[in-house]
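# Breakdown of the fold
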Amino acid sequence: MSAPTEVRRPAPVLTDDNVGYWEALRDRELRIQGCADCGRLRHPPRPMCPHCGSLNKSMVLMSGRGTVYSYSILHHPQAPAFDYPVLAALIDLDEGVRVVSNLVGVDKDDIRIGMPVHVEFADARDGWVVPVFRPVSA
Ligand code: ZN
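Every value quoted in this text rests on a predicted model; they were computed, and no experiment measured them.

Scoring rules and cut-offs
Within each chain, residues carry numbers counting from 1 in the order of the written sequence. Under the rules for a predicted model, residues below a pLDDT of 70 receive no local features and side-chain atom pairs below 80 are neither given nor counted, while totals for whole chains, interfaces and linings still include all residues. Hydrogens are left out, water is left out, and the side-chain values use all remaining heavy atoms of the structure. When accessible area is computed with a 1.4 Å probe and restricted to protein chains, residues below 20% of their type maximum are described as buried, those above 50% as exposed, and intermediate ones as partly exposed. Here a helix means four or more residues in a row that DSSP labels H or I, a strand means two or more in a row labelled E, and each is numbered from the N terminus. In this description, one arc is meant: the one made by directions from the helix axis to the C-beta atoms. Counted as donors are N, O and S atoms no farther than 2.8 Å from the metal, or 3.2 Å for Na, K and Ca; water is not among the atoms, and sites may therefore look incomplete. Irregular is the label for any site that misses the other tests, which are tetrahedral for four donors with all angles between 85 and 135 degrees, and square planar for four donors or octahedral for six when opposite donors exceed 155 degrees and the remaining angles lie between 65 and 115. Here, any two strands with at least 2 DSSP bridges between them count as paired. The criterion for an aromatic pair is that two Phe, Tyr or Trp rings (for Trp, the six-membered ring) have centres within 6.5 Å, with stacked assigned to planes under 30 degrees apart, edge-to-face to planes over 60 apart and tilted to the rest. Placement of a charge over a ring requires the Lys NZ or Arg CZ to be within 6 Å of the ring centre, with the centre-to-atom vector within 35 degrees of the ring normal. By convention in these notes, a salt bridge is any Lys or Arg side-chain nitrogen within 4 Å of a carboxyl oxygen on Asp or Glu.

What follows covers helix α1 (residues 19-26). Among all positions in α1, only Tyr 21, Trp 22, Ala 24 and Leu 25 are buried. Down the axis of α1, the sector holding all buried residues measures 160°, keeping them to one side. Once α1 ends, the next one or two residues include Arg 28, with phi positive near 60°.

Right under this line is the structure:
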């Protein structure tokens, strides 16, 4: 019998629009795409600013702080790279952008809408990193 093999989360699917987001995460930085002309943030990354139509963009470093906007507890279908139940959450970053992520370090019965969280970084396959969020202890 062989020792269990660690199964890491799948690597992200890269596009011309999201590669900056994922490359920043490899450096353990949460950066959100911003418009280089009007300064507004947008997520997920995309080629054009929905506010002013600019094609100029930058990747803005976030504080990593936010709150739980909503969440879902996923039991199925199960994939070996994840621990179940998966705590999927919409996180409102303090900078005003909402991201989809996972909650860690919290029991499913203790999750609350509006609870403060901060980002952590989880390893994925091939050296990639995904952001996850942990409740901030009072
Ligand atoms: Zn803009």
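There's more to say after this.
Before going further, it helps to examine the coordination of the zinc ion. At the metal site, the zinc ion is ligated by Cys 35 (SG), Cys 38 (SG), Cys 49 (SG) and Cys 52 (SG), and these contacts range over 2.3 Å. Each of the 4 donor atoms around the zinc ion contributes to a set of angles spanning 103 to 119°, which defines the coordination as tetrahedral. On the primary sequence, the residues serving as donors to the zinc ion are separated as C-x2-C-x10-C-x2-C. Residue Cys 35 is located in strand β1 (residues 31-35), and its partner Cys 52 is located in the loop between β2 (41-42) and β3 (57-61); the two are separated by 17 residues in the primary sequence.

Turning our attention to the sheet that holds β3. Strands sit in the order β2-β1-β3 across an open sheet of 3 strands; the sheet is antiparallel. Two strands bound the open sheet, and with one partner strand each, they are β2 and β3. As paired elements, β1 and β3 share 5 bridges and run antiparallel to each other. Counted as the bridge partner of Arg 31 is Leu 61 from β3.

With that settled, the discussion passes to the packing of aromatic side chains. Counted by the stated rule, this structure contains 1 aromatic pair. Centroid distance Tyr 21 to Trp 22: 5.0 Å. Interplanar angle 80°. Geometry classified as edge-to-face. The side chain of Arg 26 reaches across the aromatic face of Trp 128, ending 4.0 Å from its centre. Cation over ring: Arg 98 sits above Tyr 69, and NZ or CZ is 3.3 Å from the ring centre.

The step from His 43 to Pro 44 runs through a cis peptide bond, and the omega angle for that step is 0°. By the element assignment, Pro 44 lies in the loop between β2 and β3. Cis peptide bonds are those with omega within 30 degrees of zero, and the linkage from His 76 to Pro 77 qualifies with -5°. Within the secondary structure, Pro 77 sits in the loop between β4 (65-74) and β5 (86-93).

Bringing the pattern of salt bridges into the picture now. By the definition in use, this model includes 6 salt bridges. Between Asp 92 and Arg 98 there is a salt bridge whose closest N-O contact spans 2.6 Å. Of the residues examined, Arg 98 reaches a relative accessible area of 37% and is grouped as partly exposed.

By themselves, these figures tell us nothing about what the structure is for.
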